[in-house]
Amino acid sequence: MFADEVINTLLDNPKITDVVELSFTSYHKVDYECLISCSFTIAHQKIHVYIGVPSNWDLALFDVYIVGFMDFPYIPHIDFRSGKLCLFELEGVLIDTDFSGLLVCCISRAFQMLSDGLLHKNKQEFIREFELYWKNLPGIGLIKCDIACRIECQSIKFIQQTDNNAQGVGSGSYKKNNDIGLYFAASNPDGFNAWGVRGSQHNGIALYFHAYSEIYPPDCRQALEVEFINNLLSFVPVNKYPNDCLKIICKSDRVRLFLFQIEQPDGTMTGIGIVLKNASISNVNGRFQIIYDNTLKITPLSLQRVDKAFLMNRTKSESISSKMKCLLIGCGSIGGYLANELISAGFDDITFVDDDSLKEENIYRHILGSDYIDINKANALERYFKKRIPHLITHAKGVDIRQLIEDSVIDFDDYDLILSATGNHNVNRWINKEVHFRDIDVPVFYVWNEPLDIGCHAAVISASYDGCYECFFTHSIYTLIDSTAYTAPGETAVTTPAGCGGSYVPYSASVSIRSASLCMDLITRYLDGRCKSNVLVSMKGDGYYFTNAGLSVTDVYRNQHDKIYMKEIRDFNNGECEVCK
């Protein structure tokens, strides 16, 4: 059925001839429902192609192969390992399951792609996909790089890894499938330590330059030639380099490693690596050139950046600076998930404070597991995140925050952000008073859960704006009323299975995750300049378990119609706040 429909569709196109169904259904190790052979007439050329219909055509569309691709002109969007055309980027694309319509669309795309390539209309695509073609070069190796970028010339260190030391960068599968080798390069020894890479270190060079004319990838069907490397070196501005850099480049080593960071004329960045054996570099008439004989061996390297600046490109807000110092007070359920949010957002200098240890009963609502039981929570978080994230700067203080402040071990003024995830109003009120009376001009973020599934809150308080944490509370006879609370006064969800020494408020990890996310969103808003006052943000839960437990809610809960509500803290202030009045 598939074959007949494909053939009929192809025969409707006058530029497609020689249509015939093939007797085999597997091509380049891919199984198809059917394979059709035909010829496209494009730019006065007859091109022999195979069209494959995969079983999941409604998800993957159709495959078009150039037969005899090794002799075909070198044009963009062809996988020169198989001759397959890269027709569409399917990520995020909606596909209508109309077989004939999809086939016509794919054929039309193939015609356009081949025509543009043969007529040199899309040559610029080689620039955009330079590294993809480079990766297909024969004998390609891999180098992972933790180096600073856009530095014209820098001496680096590299390690050629083996099966025994490749585990540090998660590349065991690559090593097994590649006899050429795996390399790791770093600007300084800290890079090797951060990624757990060990081995003998050798000298290498990283060169950055702005190309004054386009540099296109070499034909990946052929071995890399020395002329291509010499062309790259011709862009390197010899006369601008100081003598120490010239000595590094021209230093005689049997094995030489070069990393090139190329900024193309249109601003596109290209990163590639090359290992040279039995070659030297000389300054020939103001241009670096390779001097070699027939013992020269060239190994191209696919470059994979693992430096923090590159890794954070996908997630970091422009308002977040890696130089910001955070003080996180409270490393329990909320604090652990908030720490994860902070680090994932790009904060990499965090001081953890908590005087409590992780216990067995904590692990089902904490980011940490059984490996950290009986370890101080601050120290445990530091260990956990240092294992996960390289180059992280952390400090753990397993002491009560009040003691640390009174002993001058910690100074609030030393931080760019203060975050309290203790969930304890009394501790938060103490922090609020200390910050206010010491005239600390650092924003403080507070985050806390309410019992069960009733909701959670986050607040930001800065000396730049009116209102403070104490404004949330009003005095009644012999008691203090929390005007933010969803839980009615006098109600308690505290559970004490072990008596007074083992009480806790029941809530799940999912509530803490929501609280951390709520607080992280508030932090981003503040740093983006979108908070023009001190605010409280409250997230209302559905209250199913709360009400089933026989607990009552406040008018605050009943009157909040939106799931998330933001209120300026100065609206809580009735002029009687003993801290900020």
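Structural notes, computed from the coordinates.

Let us look at the nonpolar core. Membership of the largest hydrophobic core comes to 70 residues, with the highest contact counts inside it found for Phe-40, Leu-114 and Phe-260. The greatest single-element share of this core, amounting to 10 residues, is contributed by helix H3 (residues 99-118). Contact partners of Phe-260, with chain neighbours within four places excluded, come to Leu-207, Phe-209, Leu-232, Leu-233, Thr-270, Gly-271, Ile-272 and Ile-274. Counting 45 residues, the second-largest nonpolar core is a separate cluster that includes Cys-331, Ile-367, Ile-375 and Tyr-384.

Let us look at unusual backbone geometry. The phi angle at Asp-18 is positive, at roughly 55°, despite the residue not being glycine. If you trace the backbone, Asp-18 turns up in strand E1 (residues 16-21). Here His-77, not a glycine, exhibits a phi torsion of approximately 70°, which is positive. Here His-77 lies in the loop between strand E6 (63-66) and strand E7 (78-79).

The final tally for this structure, using the stated rule, is 32 aromatic pairs. On the basis of an interplanar angle of 45° and a centroid distance of 4.5 Å, the ring pair of Tyr-446 and Tyr-469 is categorised as tilted. In this pair, Tyr-446 sits in strand E20 (residues 444-449) while Tyr-469 sits in the loop between strand E21 (455-461) and strand E22 (473-476), placing the two residues 23 residues apart along the sequence. Overall, the relative accessible area of 0% leaves Tyr-469 in the buried class. Among the aromatic residues, those joined into a ring-pair cluster are Tyr-446, Trp-448, Tyr-469, Phe-472, Phe-473 and Phe-572. A cation over a ring is seen here: Lys-123 above Tyr-216, with NZ or CZ 4.5 Å from the ring centre.

To continue, consider the pattern of salt bridges. Summed over the entire model, instances satisfying the criterion amount to 18 salt bridges. The residue Arg-305 makes a salt bridge to Asp-307 at a minimum N-O spacing of 2.8 Å. Lys-433 serves as the salt-bridge partner of Glu-578, at 3.6 Å between the closest nitrogen and oxygen. Of the two residues, Glu-578 sits in the segment after strand E25 (564-568) while Lys-433 sits in helix H14 (residues 425-437), which places them 145 residues apart along the sequence. When salt bridges with common partners are traced through the structure, they connect Glu-125, Arg-128 and Glu-129 into a single cluster.

Taken in spatial order, the 7 strands close into a barrel running E9-E11-E10-E12-E13-E14-E15, and their pairing is mixed. The sheet shows a mean angle of 35° between the axes of neighbouring strands, taken without regard to direction. Sheet topology note: the strand E13 (residues 255-263)/strand E14 (residues 269-284) ladder contains 9 bridges and is antiparallel. Bridge pairing in E14 links Phe-260 to Ile-272. Strands in contact with helix H8 (residues 226-234) are strand E12 (202-210), E13, E14 and strand E15 (287-305); relative to E15, the strand with the most contacts, it is inclined by about 80°.

Moving on: the side chain of Thr-484. Secondary-structure assignment places Thr-484 in the loop between strand E23 (479-482) and helix H15 (509-527). At 2.7 Å, the side chain of Thr-484 and the side chain of Asp-482 are in polar contact. In this view, Thr-484 contacts Trp-448, Glu-450, His-457, Phe-472, Leu-536, Val-556 and Phe-572; residues no more than four positions away in its chain are not counted.

So, about the packing of helix H11 (residues 333-345) against H15. Interaxial distance between H11 and H15 falls to 8 Å at its minimum, and their mutual angle equals 45°. Taken together, H11 and H15 sit at an angle that is classed as oblique. In terms of crossing hand, the pair formed by H11 and H15 is right-handed. Contact residues: H11 offers Ser-333, Ile-334, Tyr-337, Leu-338, Glu-341, Leu-342 and Ala-345, while H15 offers Ala-509, Ser-512, Ile-513, Ser-515, Ala-516, Ser-517, Cys-519, Met-520 and Ile-523.

We now examine a negative patch on the surface. A cluster of acidic residues, Asp-411, Asp-413, Asp-414 and Asp-441, forms a negative patch at the surface. Mapped onto the secondary structure, Asp-411 falls in the loop between helix H13 (401-406) and strand E19 (417-420).

Definitions and cut-offs
Residues numbered from 1 in each chain as written. Predicted model: local features only at pLDDT ≥ 70, side-chain atom pairs only at ≥ 80, totals over all residues. Heavy atoms only, no water. Core = buried A, V, L, I, M, F, W, Y, C linked by side-chain atoms within 4.5 Å. Buried < 20%, exposed > 50% of the residue type's maximum accessible area, 1.4 Å probe, protein only. Helix = DSSP H or I, 4+ residues; strand = E, 2+ residues; numbered from the N terminus. Contact = heavy atoms within 4.5 Å. Phe/Tyr/Trp six-rings, centres within 6.5 Å; stacked < 30°, edge-to-face > 60°. Lys NZ or Arg CZ within 6 Å of the ring centre and 35° of its normal. Salt bridge = Lys/Arg side-chain N within 4 Å of Asp/Glu carboxyl O. Pairing = 2+ DSSP bridges. Axes fitted to C-alpha atoms, helices over the stretch in contact; angles between N-to-C directions. Polar contact = N/O pair within 3.5 Å; in protein donor to acceptor, adjacent residues only side chain to side chain. Parallel < 35°, antiparallel > 145°, perpendicular 65-115°, else oblique. Left-handed = near helix turned anticlockwise from the far one by under 90°. Patch = residues over 30% accessible without salt bridge, like charges linked within 9 Å, V, L, I, M, F, W, Y side chains within 5 Å. Areas by Shrake-Rupley, 256 points an atom, 1.4 Å probe, with all protein chains shown as cover. Lys, Arg positive; Asp, Glu negative; His and termini not counted. Charge placed at Lys NZ, Arg CZ, Asp CG, Glu CD.

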